[in-house]
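Spelled out, the chains give:
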Amino acid sequence: MLKNYFKIAVRNLLKHKLHTGINLIGLSLGLGVSILIFFFVQFELSFDNFHSDSDRIFRVKSHELVDGEMQESFNTPMIVEATFRQEFPQVESSTQFINGRAKAKLPDESTQQQTFHMVSPDFLEVFDFKLLKGDPSSQLKDKYQMVITEEISEKYFGDQDPIGKTIQMQMADTYIDYKVTGLLEDIPANSSIQFGMLIPVSNMEFFSDEEGRTSWYSVWGSNYVKLSSADQVTSIEQSMEAVMKKSLGDQYNEGEYYFSLHSIEGMHFSEGAGNGGLEITNKSLLWILAGIASLVLLIACINFTTMAIGRATSRAKEVGVRKTMGANFGQLILQFLMEALLTTLIAAVFGVMLAELLLPTFNDLFQKELDLVYGPLQMLILFGLVLTITGIAGAYPAFFLSGLRPIKVLKGSLSIHFGKQGLRKGLVAFQFLISFVLVASTLIMVNQMNAITSYDLGFIQDEVIIVEVPDVPSTSFVTSLHESFKKADIYRQALVNRSEVASAAISVATYGDNAYWEVAFPQEDGTQFNFLVNFVAGDYFETMGLELLEGRKLSIDAGSDSSAFIVNEAFAKAFNWDDPTAEMIPSTRFDPHEIVGMVKDYHHASLYQPIEPVLIAKAPLPLFSGISNLNIRSSTNPKVLVRSNGADLESFKTLLEEEWSKIFPGEAFSFEFMDETVQAQYQADERLGKMVFIAASIAILIASMGLFAMVALSIAGRTKEIGIRKVLGASSWSISWMFNREFLVITLIGVLVALPLSWYLMQNWIEQFAVKEWPSWLSFLLLALGGVVFTGLIVSSQAFRATQMNPVKTLKDE
């Protein structure tokens, strides 16, 4: 029986080629996009689940009360691990995870900056990263041991076995040999914790003194613990108060500083400041993308349903004859569902092919390495999509057509106006509603991103190149900063002597790099005043194009202005200063200093954030005398900022590299453009905007094909009426308007509902920006008119063809 159903379904699909083609194209496009998105969502949700004990592994999170506000961070002190091991018997194993950088020698004796991570000996016991070579029980026990991944092994040793070989890295003033004792399989793409080189945490003595390593208020990387049982989290957190009191003594105030445990199964989505330096995904992005995929699929399903209803008159006689010959309700339903299933299966094949073709574009768009692997879970998703589409698209037509009464059908009393016009029109209107919501959302996003791109940030972006200079390692970051600046200044002075260079400066932080130091000092009322600090040298204000409102710039000469500060407008406004050059920072704790100038507010971070108080200095010591809180969010590596005087870009890059090789022979040269770093801050939202645009384009394409087919079916069912109207003297324009009126009303309803709905849906997205700009009402009006014109063109083209038919041919049977 199923074989016969299959044959009949194939015949019906081949017989109605236009109907079948539109359904296949619509469903294939919808499935192609949906397969990519749903597989991507599944991949993102699978992060960190490959660890066999992921339910027992937790990341330590700190909670600290500052100015009445509880601040949370996954960046925690080193002492946390030892304390947890000693105080909580529930902890089975634990590890620290602290990132660092140092110069490393490559096989050709050249050097480059190498990123590594310092971990505890239990690291490979806590996590299930696959060790390919080496003894698991002996890894990371000795200070100068090293475990590397396949990628790092190939970089340093090519095809040779790395076990027993050494890599030289500069720690403090000397190069140290680190012996490779373990080789790891490359870290899975769905791991939040990414690394290439591991060394023991005892190497922290090269980066911090003992006080920094043992202080509860010095933050270094993250801490992870594996518990003997997942349900022991509550008992640990209930004991936390007593442990903190024991550890801090008189410094501890109840509820003001403590730690909690958070499962690693959710750390890929841990948003907010202090997320441990991990690459994270905004979970709402996944639901937005899944919603887009569902809407595109829904439009394709609506096409299927509306065309099936539209073809009801041509299928009605088939149903009447089948029922007269003895077919029951269930058999007819099965027949129509078989047609829907066959169409969906064919569309799924084309959808998979389309998804494979779109995969490189998708990966480039979202900066991912997604691979369409058709494992059991992926096949289950695909199978579920096929069944869902079959049910949504085929269920209503199957039940409706199977329920037609044979007597009414065979007597010819059933017409295209069989009472389901309202549903058919409603579905078409809903199609347009979805399509215009996506189009309007695209308009809002494009308008906002254009506003962001053209916004005056308060500094020069063009023709400024950022060159990062290696820092000089030291246990004191003040010493490291001072020596690194001296090293960078040699390169800066070599550049300013070249005629192609307009100006050059040195800076710890640049736009959006999260390298401004967060600083606070206590005020008289007991609250903390929080601000950002940047350390600079050279002609920083000229190079960046910052506008000086009061006073003077910091001196270019080395050694001068070592206790001088410059503040921005936001800093001055916080203390109601009209002229900050006549003021001092309002605290007796600060060493003697001088505020020598005020610059106009500029955006130090992306436009997601408001402008904050900023202080610019040449040296840290005068500032450190008075502050109570310090958070260094990034490295202290200085950057040399170089502004071209308009020279050719390629020759200018060659100039920078030539001077680099003279001063830093053997060290890798790298640079980036200031305008590109600015643009990079908004990549996530630009990618989302492109995805919404693609979805909107596909939705419009599918909806227009559906509209085309519906108009064709509507006209086919009224050819005799058109003939009679022409015989009675109706003009082509009046007949065309008769059809246009019906579909234009549907379009207007869809547009009028879509525009306010898209405005409502996009409010949360646009609120994330400190600078907001909605499209003008004229833009929305033009969008609405565009939708109406688009519908009118499709309907008019079809209606005009119908009016050109000879009435004699359409009425000859009467």
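Structural data are supplied above this passage.
The structure contained in this document is the topic of the report that follows. (Residues numbered from 1 in each chain as written. Predicted model: local features only at pLDDT ≥ 70, side-chain atom pairs only at ≥ 80, totals over all residues. Heavy atoms only, no water.)

Take the overall build of the chain next. Helix and strand counts for the chain stand at 25 helices and 22 strands. For the chain, the residues scored as buried account for 51% of the 814 residues in total. Counted over contacts in the chain with a minimum sequence separation of 6, partners at least 24 positions apart contribute 80%. Per element, the accessible surface of the chain, about 36600 Å² overall, is 56% carbon and sulfur. (Helix = DSSP H or I, 4+ residues; strand = E, 2+ residues; numbered from the N terminus. Buried < 20%, exposed > 50% of the residue type's maximum accessible area, 1.4 Å probe, protein only. Contact = heavy atoms within 4.5 Å. Areas by Shrake-Rupley, 256 points an atom, 1.4 Å probe, with all protein chains shown as cover.)

Our focus in this paragraph is the pattern of salt bridges. Per the counting criterion, the structure on display carries 18 salt bridges. Here Arg498 and Glu659 are joined by a salt bridge, their closest N and O atoms 2.7 Å apart. Of this pair, Arg498 sits in the loop between α14 (477-496) and β13 (501-507) while Glu659 sits in helix α18 (residues 649-663); the two residues are 161 residues apart in sequence, bridging distant segments of the chain. On the basis of relative accessible area, Glu659 is assigned to the buried category, the value being 7%. Through salt bridges with shared partners, a single network forms among Asp53, Arg56, Glu92 and Lys226. (Salt bridge = Lys/Arg side-chain N within 4 Å of Asp/Glu carboxyl O.)

Look at α18: 22 Å from first C-alpha to last across 15 residues, which is about the 21 Å you get at 1.5 Å a residue. Among the residues of α18, Phe652, Lys653, Leu655, Leu656, Glu659 and Trp660 are the ones counted as buried. The arc that holds the buried residues of α18, viewed along the axis, is 155°, so those residues lie on one side. (Expected span 1.5 Å × (residues − 1). Arc of directions from axis to C-beta.)

For Ser208, the position within the fold is in the loop between β9 (197-200) and α6 (210-214). Exposure remark for Ser208: the relative accessible area of 2% places this residue in the buried category. Here the alpha-carbon distance between Ser208 and Trp220, two residues 12 residues apart in the chain, equals 9.7 Å.

The tally for this structure, following the rule as stated, stands at 38 aromatic pairs. Geometrically, the ring pair formed by Tyr491 and Trp660 is edge-to-face, given 5.5 Å between the ring centres and 85° between the ring planes. Of this pair, Tyr491 sits in helix α14 while Trp660 sits in helix α18; the two residues are 169 residues apart in sequence, bridging distant segments of the chain. Here Tyr491 and Trp660 have matching classes, each one buried. Of the aromatic side chains, those joined through ring pairs into one cluster are Phe50, Phe97, Phe123, Phe127, Phe129, Phe195 and Tyr224. Taking NZ or CZ as reference, Arg59 lies 3.6 Å from the ring centre of Phe74, over its face. A cation over an aromatic ring shows up here: Lys105 above the ring of Tyr175, its NZ or CZ 4.7 Å from the ring centre. (Phe/Tyr/Trp six-rings, centres within 6.5 Å; stacked < 30°, edge-to-face > 60°. Lys NZ or Arg CZ within 6 Å of the ring centre and 35° of its normal.)

Time to look at a nonpolar patch on the surface. Where nonpolar side chains cluster on the molecular surface, the patch consists of Val745, Ile749, Val753, Leu757, Trp759, Tyr760 and Leu761 and spans about 660 Å² of accessible area. Residue placement: Tyr760 occurs in helix α22 (residues 732-761). In this structure Tyr760 comes out as exposed when scored by relative accessible area, which is 57%. (Patch = residues over 30% accessible without salt bridge, like charges linked within 9 Å, V, L, I, M, F, W, Y side chains within 5 Å.)

Before going further, it helps to examine the nonpolar core. Counting 116 residues, the largest nonpolar core has Phe459, Tyr540, Tyr602 and Ile616 as the members making the most contacts within it. The greatest single-element share of this core, amounting to 14 residues, is contributed by helix α2 (residues 17-45). Residues within four places of Ile616 in sequence aside, it is in contact with Asn534, Val536, Tyr540, Phe541, Leu554, Ala564, Phe565, Ile566 and Tyr602. Listed in part, the 45 residues of the second largest apolar core include Ala572, Leu623, Phe664 and Phe669. (Core = buried A, V, L, I, M, F, W, Y, C linked by side-chain atoms within 4.5 Å.)

For the rest of this paragraph, the subject is the side chain of Gln42. Inspection of the secondary structure puts Gln42 in helix α2. With residues near it in sequence (within four places) discarded, Gln42 still touches Leu377, Gln378 and Ile381.

What follows is about the pairing of strand β12 (residues 464-468). By the criterion of burial, β12 is predominantly enclosed, with four of the five residues buried. Summarising the sheet, β12 and strand β21 (residues 639-644) pair through five bridges and their orientation is antiparallel. For Val464, the partnering residue across the bridge sits in β21 and is Arg643. (Pairing = 2+ DSSP bridges.)

With that settled, consider helix α5 (residues 150-157). Given 3.6 residues per turn, any residue in an α-helix points the same way as the ones three and four places further on. Buried within α5 are the following residues: Ile152, Ser153, Tyr156 and Phe157. Down the axis of α5, the buried set is contained in an arc of 100°. They therefore lie on one face. Among the exposed residues of α5, those pointing more than 90 degrees away from its buried face are Glu151 and Glu154. Of the residues flanking the end of α5, it is Gly158, one or two places downstream, whose phi is positive at about 60°.

Direction of pairing for strand β14 (residues 517-522) relative to strand β15 (residues 528-538): antiparallel, over a ladder of six bridges. Note that in β15 the partner of Glu518 across the bridge is Leu532. Here β14 runs beside strand β20 (residues 629-631); their pairing, made up of three bridges, is antiparallel. Bridged to Ala520 within β20 is Asn629.

This paragraph deals with unusual backbone geometry. Here Glu463, not a glycine, exhibits a phi torsion of approximately 60°, which is positive. As for its placement among the helices and strands, Glu463 is situated in the loop between α13 (421-454) and β12. The backbone of Asn576 shows a phi angle near 55°, a positive value even though the residue is not glycine. Within the fold, Asn576 resides in the loop between α16 (569-574) and β18 (594-599).

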